[in-house]
Number of protein chains: 2
Amino acid sequence: MLKEALIGTLCGAVVLTIGILIGHFGIQKNSAPSWVNDVAKDVDEALIQQFLSEVETFQLQENLRELTKVPHMATSPGDEETVKYVLKRWQDPETGLDEAWRQEYEIYLSFPNPTNPNKVTVVNSLDSVLFTVREREVNYTADQNDPQVVQPFAAYSPAGHAKGKLVFANQGKPSDFQHLNGTIDLRGTIAITRYGGEGRGRKAINAAAYGVVGLLVYTDPLDMNDGLMSDTNETYPHSWYLPPTGVERGAYSRDFGDLLTPYLAAKEDTYRIPPEDITGIPPIPTQPIGFQDARTLICALAGEAAPKDWQGGLDCIYNLGGPGFKPTSPFNNSDVKLDIYNEEKIVNSSNVMGVIRGSVEPDRYVIYGNHRDSWVHGAIDPSSGTAVMLEITRVLGRMVKQGKWRPRRSIIFGSWGAEEFGLIGSAEYTEEYFTKLSERTVGYINVDISVFANATLSASAMPSMQSVIFRAAKQVNAPGFDSTSVYDNWIRYTNRTSPTHGIIPRVGYLTGAGSDYAAFVHYLGITSIDMSYTYDRSKTNARIYPAYHTACDTFDYASRFIDPGFVAHQAVGRTAGNILIRLADSLLLPFNCKDYAESLEDYLNTAVNLYQKDLIAKSISMEPLSKAVANFRKEAEQLDKVIQSSDLANETPLKVRKINDQLMLMDRAFLNPLAFPNEYGFRHVIWASSSSGKPTFPGIADAFAQANSSHLASDWKKVHYHLSVVAQAIDGAANMLKEVI
Amino acid sequence: MLKEALIGTLCGAVVLTIGILIGHFGIQKNSAPSWVNDVAKDVDEALIQQFLSEVETFQLQENLRELTKVPHMATSPGDEETVKYVLKRWQDPETGLDEAWRQEYEIYLSFPNPTNPNKVTVVNSLDSVLFTVREREVNYTADQNDPQVVQPFAAYSPAGHAKGKLVFANQGKPSDFQHLNGTIDLRGTIAITRYGGEGRGRKAINAAAYGVVGLLVYTDPLDMNDGLMSDTNETYPHSWYLPPTGVERGAYSRDFGDLLTPYLAAKEDTYRIPPEDITGIPPIPTQPIGFQDARTLICALAGEAAPKDWQGGLDCIYNLGGPGFKPTSPFNNSDVKLDIYNEEKIVNSSNVMGVIRGSVEPDRYVIYGNHRDSWVHGAIDPSSGTAVMLEITRVLGRMVKQGKWRPRRSIIFGSWGAEEFGLIGSAEYTEEYFTKLSERTVGYINVDISVFANATLSASAMPSMQSVIFRAAKQVNAPGFDSTSVYDNWIRYTNRTSPTHGIIPRVGYLTGAGSDYAAFVHYLGITSIDMSYTYDRSKTNARIYPAYHTACDTFDYASRFIDPGFVAHQAVGRTAGNILIRLADSLLLPFNCKDYAESLEDYLNTAVNLYQKDLIAKSISMEPLSKAVANFRKEAEQLDKVIQSSDLANETPLKVRKINDQLMLMDRAFLNPLAFPNEYGFRHVIWASSSSGKPTFPGIADAFAQANSSHLASDWKKVHYHLSVVAQAIDGAANMLKEVI
């Protein structure tokens, strides 16, 4: 009995144990809801590796071929073809996005009159034409025969007729005209200036201030061609250099966004300012020309020789102009005449938008964009960037369509229209969706020209993005190397010593308005990056790739001279896509505010060195600014400690959301819509454009330059004002990083 | 054997079952983390009932007694006493908040000179004084003997001496001076005007435009005393009516916030504009006086009788002035002379801040505030509100200290300084913490004067708050009734018919800048409410409670004539605290955007009725505005459906956060900092102040009034501009409600 009882008990115990085990493990309990794991998911490194492996050079090449079949200037029939192409790609059932659509604006553009082309001539006193500037560039490839190739023109130059003696005004800077005016009475003259050194539209504004009545702008071979000039063997199609008849087109406007609807979206019924109220465009007829024609004009100029640093690459001494031509020249006593027939029109322009919905935080956006419109075929500008964007969306789209991936946050892709006329498509988009984008956008990635050249990565960004850029660049192979990363290659070309990180690649600042990041940075205060592959500066001094904005910027040019094999395109696509995935998928946003602090400290040191002595003499203290920067540093360090000491994957998802919101919204505190009353679009008081050219707080730098030149008490007050604006903005940003309550 | 086997099997089965049960229920499994329940917690109705039961009239009375012991004009020693008292209460270990502190600003205030008081006299041609206006009010209670009682003055009136013939200018509106100018050459005159009908400071600005050199402002007994005038038996201390010598003090400035540091926080080193650049303050010496003295002056005026609707409650015919006095009066040929010695100073002012940290969403703030400074003892204005705030913090603070409660979101209490001088403490606070407050604040509750009178609740708010106000008001007993709710009492006094809800109490709009909600509403776009108990309008026509801004606004006055028993204080405290708890604790924010849609529809209908015909004639379409309002309605309905169909307590907490962010941030989309370039502080294009007085979109209404009066094409363009601004703002707000991607 004892034995039986023992066995019975044992059996009972075994059965009980089995029961307990079944009960505990075998039956689904009221356990953690399924979303508990979803909300804690972090970026998947294997997925990033898969993404990198799927970005293909062949696809990039075919994207570019398709995008550059015809010229696609904004709102032209060719532009409409690219709209449809991008839409088709993003609506592809195998590799498309969740949704894609067209977003339209009615915008104010400027075009040459196709039946009455702009003319630049030399005429004698009887008005006989002695010389005519080419109306079109020489065709070197079949591409350029396309009737849609637009005549070179200065967009937003007024139509009109101007005639006068020619003078050479270097780069058309205020100082250039000031110098020239010391020698020559500029009233009634025509000025010829070279590209560079000053914004396009500002050259004409500067000229008109001295009574100049018409302006020519040309590309000097010294600035673009490393001195080479001959199209028989030196320039395109023999190399990447600009042929003698190549002409850089461009928008000659100062402000970004539609010029008739400032700070409002350009819808059909939107209020438009009268065109005569537009500011920042040429007040006088203006036309760009090639250096072949510029040589004919400049080398015939009379007058004294221009200063040494005004001399360019043409094979003659550059004289200032008598005004006008040498008595020994066939143009003796002749005028230069501009007949400009540009027409302004309100036309329909499309952005193409596409989205991948976020799974966990659909109300957080990562935006990736580039413009779609070009001046002619625009193989490099902007189609090299669009080719990259379409390859990124192909790879990610397929993962989504196959159900293998859905980002944590939503991804929005923007193929902007009419960037070339002043960043219009992206600016109107930010105006239409201002609050929504401002409140929800984690970051903006801009890849316009993806490959200027195939030597090294180049990036400009808010400093808080530096670490994620580096992380991504370390995971991508540099083109042309077997085992060197984009990062290791980059650091060889451009680097700096950071007090925190030692020697690192130099990431630039987004201080200008050179591409569609402008509205995101300056108007919305969104943490942004602009990136590309670029030059080996030991090999060229070209101001930019030489076919820029000319009819030579073709698929042939891009694939033979800029990026043979499309390996630089691939490297950019991999790096940008990697950053994109990290912004979209990371549990904790990969923003490092201590790097922002380092940049503010740099700016502060520069400001103190440049201005403190003079400001003390005016009883203006820089102390609040120093304190604000120190405060920002302290709060950035403190937030970092909170992050390091947290177990974010296991705490409430509202904790990581709280920290992410701090990181995301910090940059918004730098916005002050009233800081620059002449340019309300520039609201970010750290990165706004500055005319002083000093690497420091732009409002302070410009106000100081003004006060230091005028010596007016009221101008010194403005320096004090900008000190308060910047110090309070930095304190405001520090408050965003501070423990929330 | 069979039986034994059967029993064995049965036993085995029983043991197994027991095992399974133990295994399943008895052993802690790797189940849901503890925060899963925390993040889903909703408002606790039992806690609200507890709160309501703990708000005590005795405490309210004692709070008021303490707060009104001495006069506490901003930055005076009495103000400092109240700072210390509020701090002591909020730092109390039993009933205080988590933390409380003092927040200081250096602000520009205006005071009479204590040793050289302002003088108003009647002088004859030899400059002999025939009559002197009282410098101080008659003392009726011991309170008024306090040496800290400030002489009646017009804050921000310039110091100066003005002498001239007297004229009566009604309320000092532009139309009043225009009318008067038709009869009398106003240059060099002194004008006397009554309070009401026009902002204080604007009366002086309007006067100066016609050459008036000095201004008196008095309280007409018709406007304030229902005609009663005698202090022997009719006015305070016999009733709530203003005694004959009572004088309303006030800020005579138009803009809110520190006048020297617009849009910047007034810290020690902040840039200050030169005082001569201040706009919106009296250009001429100005002084308020009582109706006893006003009677002496007005009843002696010569000239023709003033229009019928200018006649007031004094016992004589109001003449316009010869200019000057009747030949039969002892003042014949005499002038009125103002000797004003006001001094402006930059002084240190404190807000007192306190917080209760949120448990689940510490980065979401509910802010509750009132100013602390008064003109004299300020029993009603503002201490009745501060008494309520301190009672709310006592009850909530005790719950927190006892560990019984911690709100989901953080609660910030603000006891603002220097409101009476232009909402300065609250405005500087919003300037200093602009981005932080804008990004994190769920709502702002303002209770300034909590009890104007004890008849009925009155509330003004963003329309999305209507439902939570109603809900709270239904849970509170109306004072004076056993079983009537504040809501049921309210609806009897003021109601409207809503297309959706039928007959409901009328909630006003926060279109003005009458208290500290202004910066939150107009500058930050934060969903706000301002509330109080108020008059039975069938019993009085008083413009406001008669002791307003006078030395009679004492504890005695408040407790005997305004709210005997402090039951109205209690009702306001209960209602406001109930709303506060709901904003802080509700899982889903209690904001109903369909009610916002209803208000926009009302505004639209008014605008269409008033303007459409004329606008069509000018080829300006209202269609985009109609579409935007319809769009807002559609998205509000759609969001409501999403909310109704969701199981927010069981879905990821990021879903309810997403919806709450939509509800919280929608109002921000109505901000346009450039819409009103003369008043950048007014950015909310729906609720901004309007001079046209039409219940519709303020920018459109004012632009239309201007265009309709000037008939200038450029003014009609401004109407179109404001139509675009408002339509795009409403579309932007609709975008915030729309499904986020």
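Every value quoted in this text rests on a predicted model; they were computed, and no experiment measured them.

## Focus: the overall build of chain A
What chain A contains, in helices and strands, is 22 helices and 19 strands. Against the compact-globule benchmark of 27 Å for 741 residues, chain A has a radius of gyration of 29 Å, which places it among compact chains. Across its three principal directions, the C-alpha atoms of chain A cover 140 × 65 × 55 Å. Taking all 741 residues of chain A together, the buried fraction comes to 62%.

## Concerning the sheet that holds strand E6 (residues 166-168) of chain A
Residue and element names in this part refer to chain A. Judged by pairing direction, the sheet is parallel, and its four strands sit side by side in the order E6-E7-E8-E10 without closing on themselves. Every other strand in the sheet has two partners, leaving E6 and strand E10 (286-289) as the edge strands with one partner each. Here the average twist between neighbouring strands, direction ignored, is 25°. With four bridges joining them, strand E8 (residues 214-218) and E10 adopt parallel strand pairing. Paired with Tyr218 across the strands is Ile289, a residue of E10. Sitting on the sheet, helix H7 (residues 200-208) is in contact with strand E7 (190-194), E8 and E10, with an inclination near 145° to E8.

## What about the relation of the copies chain B and chain A?
For the match of chain B to chain A, the screw axis carries a shift of 0.0 Å, the RMSD comes to 0.2 Å, and the turn is 180°. The transformation just described matches what one would write down for a two-fold rotation axis. Taken as a fraction of all interface residues of chain B, those also at the interface in chain A reach 100%, which identifies the copy contact as same-surface.

## What to know about the UniProt feature "domain: PA" (unreviewed entry) in chain A
UniProt marks residues 163-251 of chain A with the feature "domain: PA" (unreviewed entry), using the numbering shown here. Between the first and last C-alpha atoms of residues 163-251 of chain A the distance is 23 Å; the span itself is 26% helix and 19% strand.

## Topic: the interface of chain B and chain A
Counting from both sides, the interface comprises 70 residues of chain B and, opposite them, 70 residues of chain A. Interface area for chain B against chain A, summed over the two sides, is near 6300 Å², with a carbon-plus-sulfur share of 67%. Taken as a group, Tyr271(B), Leu654(B) and Ile741(B) account for 12% of the area that chain B buries against chain A, more than any other trio of residues on that side. For the pair chain B and chain A, the number of links is 17 residue pairs in polar contact (both at pLDDT 80 or more). Of all the elements in the fold, those that place two or more residues in the side of chain B that touches chain A are helix H1 (2-26), helix H2 (35-40), strand E13 (361-371), strand E14 (409-416), helix H12 (434-440), helix H20 (653-665) and helix H22 (713-737) of chain B. Tallied by class, the residues present in the side of chain B that touches chain A amount to 35 nonpolar, 16 polar and 19 charged.

## Observations concerning the UniProt feature "domain: Peptidase M28" (unreviewed entry) in chain A
In the numbering used here, UniProt assigns the feature "domain: Peptidase M28" (unreviewed entry) to residues 351-559 of chain A. Here residues 351-559 of chain A is 33% helix and 25% strand, with 27 Å between the C-alpha atoms at its ends.

## Side note on the pairing of strand E12 (residues 343-356) of chain B
All names here are of chain B. Bridge count between strand E1 (residues 99-111) and E12: 13 bridges; the pairing is antiparallel. Looking at the pairing, Leu109 lines up with Lys345 of E12. The pairing of E12 with E14 spans five bridges and is classified as antiparallel. Looking at E14, one finds that Val355 is bridged to Ile412.

## Digging into the pattern of salt bridges
Counted according to the given criterion, the structure contains 82 salt bridges over all chains. For Asp536(A), the salt bridge goes to Lys539(A), with nearest N and O atoms at 3.6 Å. One salt bridge in this structure joins Arg633(B) and Glu637(B), with 3.0 Å as the shortest N-O distance. Residue Arg633(B) and its partner Glu637(B) are located together in helix H19 (residues 623-644), separated by four residues, close to a single helical turn. Looking at Glu637(B), the relative accessible area reads 31%, which means it is partly exposed.

## A look at the state of the cysteines
Two cysteines form a disulfide when their sulfur atoms are joined by a covalent bond. All names here are of chain B. Tallying each qualifying case throughout the model produces two disulfides over all chains. The disulfide bridge from Cys299 ends at Cys316, spanning 2.0 Å between sulfur atoms. Between Cys299 and Cys316 the sulfur-sulfur dihedral comes to about -80°; the bridge is accordingly left-handed. Of this pair, Cys299 sits in the loop between helix H9 (291-298) and strand E11 (335-340) while Cys316 sits in the loop between H9 and E11, placing them 17 residues apart in sequence. A residue is classified by how much of its surface remains accessible, and Cys316, at 21% relative accessible area, is partly exposed.

## Here we look at unusual backbone geometry
Residue Asp381(A) is joined to Pro382(A) through a cis peptide bond whose omega torsion reads 10°. Here Pro382(A) is to be found in helix H10 (residues 379-401). Pro323(B) follows Gly322(B) through a cis peptide bond whose omega is 10°. With respect to the secondary-structure elements, Pro323(B) resides in the loop between H9 and E11. A positive phi angle is found at Asp127(A), which is not glycine, with a value near 70°. Within the secondary structure, Asp127(A) is located in the loop between strand E2 (119-123) and strand E3 (129-132). Look at Thr75(B): it is not a glycine, yet its phi comes out positive at around 70°.

## Thoughts on the environment of Ser538(A)
Residue and element names in this part refer to chain A. Mapped onto the elements, Ser538 comes out in the loop between strand E19 (528-534) and helix H16 (555-562). Note on Ser538: relative accessible area 64%, which makes it exposed. Sequence separation of Ser538 and Ser724 is 186 residues, and the distance between their C-alpha atoms is 42 Å. Of the polar contacts made by the side chain of Ser538, one reaches the side chain of Asp536; its length is 2.6 Å.

## As for the environment of Pro93(A)
For Pro93(A), the location among the structural elements is in the loop between helix H5 (77-90) and strand E1 (99-111). Separated by 517 residues in the primary sequence, Pro93(A) and Leu610(A) have C-alpha atoms spaced 59 Å apart.

## Quick notes on the packing of aromatic side chains
If you walk through the whole model with that rule in mind, you get 87 aromatic pairs over all chains. Taking the centre distance of 5.6 Å and the plane angle of 75° together, the rings of Phe470(A) and Trp490(A) count as edge-to-face. Taken together, the positions of Phe470(A) in helix H13 (residues 466-474) and Trp490(A) in helix H14 (residues 486-493) put the pair 20 residues apart, joining distant regions of the chain. As far as burial versus exposure is concerned, Phe470(A) and Trp490(A) are alike and both buried. Pairing Trp90(B) with Phe413(B) gives two aromatic rings, centres 5.9 Å apart and planes at 45°, and the pair type is tilted. Here the residue Trp90(B) occupies a position in helix H5 (residues 77-90), and Phe413(B) occupies one in strand E14, the gap between them amounting to 323 residues. In this structure, Trp90(B) and Phe413(B) share a single accessibility class: buried. Every member of this aromatic cluster is reached through a ring pair, and the members are Tyr236(A), Trp240(A), Tyr241(A), Phe452(A), Tyr535(A), Tyr545(A), Tyr548(A), Tyr557(A) and Phe561(A). Seen from the ring of Tyr487(A), Lys474(A) lies directly overhead, with NZ or CZ sitting 4.6 Å from the centre.

So, how was this worked out
Residues numbered from 1 in each chain as written. Chains lettered and ligands numbered in written order. Predicted model: local features only at pLDDT ≥ 70, side-chain atom pairs only at ≥ 80, totals over all residues. Heavy atoms only, no water. Helix = DSSP H or I, 4+ residues; strand = E, 2+ residues; numbered from the N terminus. Rg over C-alpha atoms; globule rule 2.2 N^0.38 Å. Buried < 20%, exposed > 50% of the residue type's maximum accessible area, 1.4 Å probe, protein only. Pairing = 2+ DSSP bridges. Axes fitted to C-alpha atoms, helices over the stretch in contact; angles between N-to-C directions. Contact = heavy atoms within 4.5 Å. Least-squares fit on C-alpha atoms with pLDDT ≥ 70 in both. UniProt positions renumbered as here; feature names shortened; annotations may be inferred. Buried area = accessible area lost by both parts, 1.4 Å probe. Polar contact = N/O pair within 3.5 Å; in protein donor to acceptor, adjacent residues only side chain to side chain. Nonpolar A, V, L, I, M, F, W, Y, C, P; charged D, E, K, R; others polar. Salt bridge = Lys/Arg side-chain N within 4 Å of Asp/Glu carboxyl O. Disulfide = S-S within 2.5 Å. Phe/Tyr/Trp six-rings, centres within 6.5 Å; stacked < 30°, edge-to-face > 60°. Lys NZ or Arg CZ within 6 Å of the ring centre and 35° of its normal.

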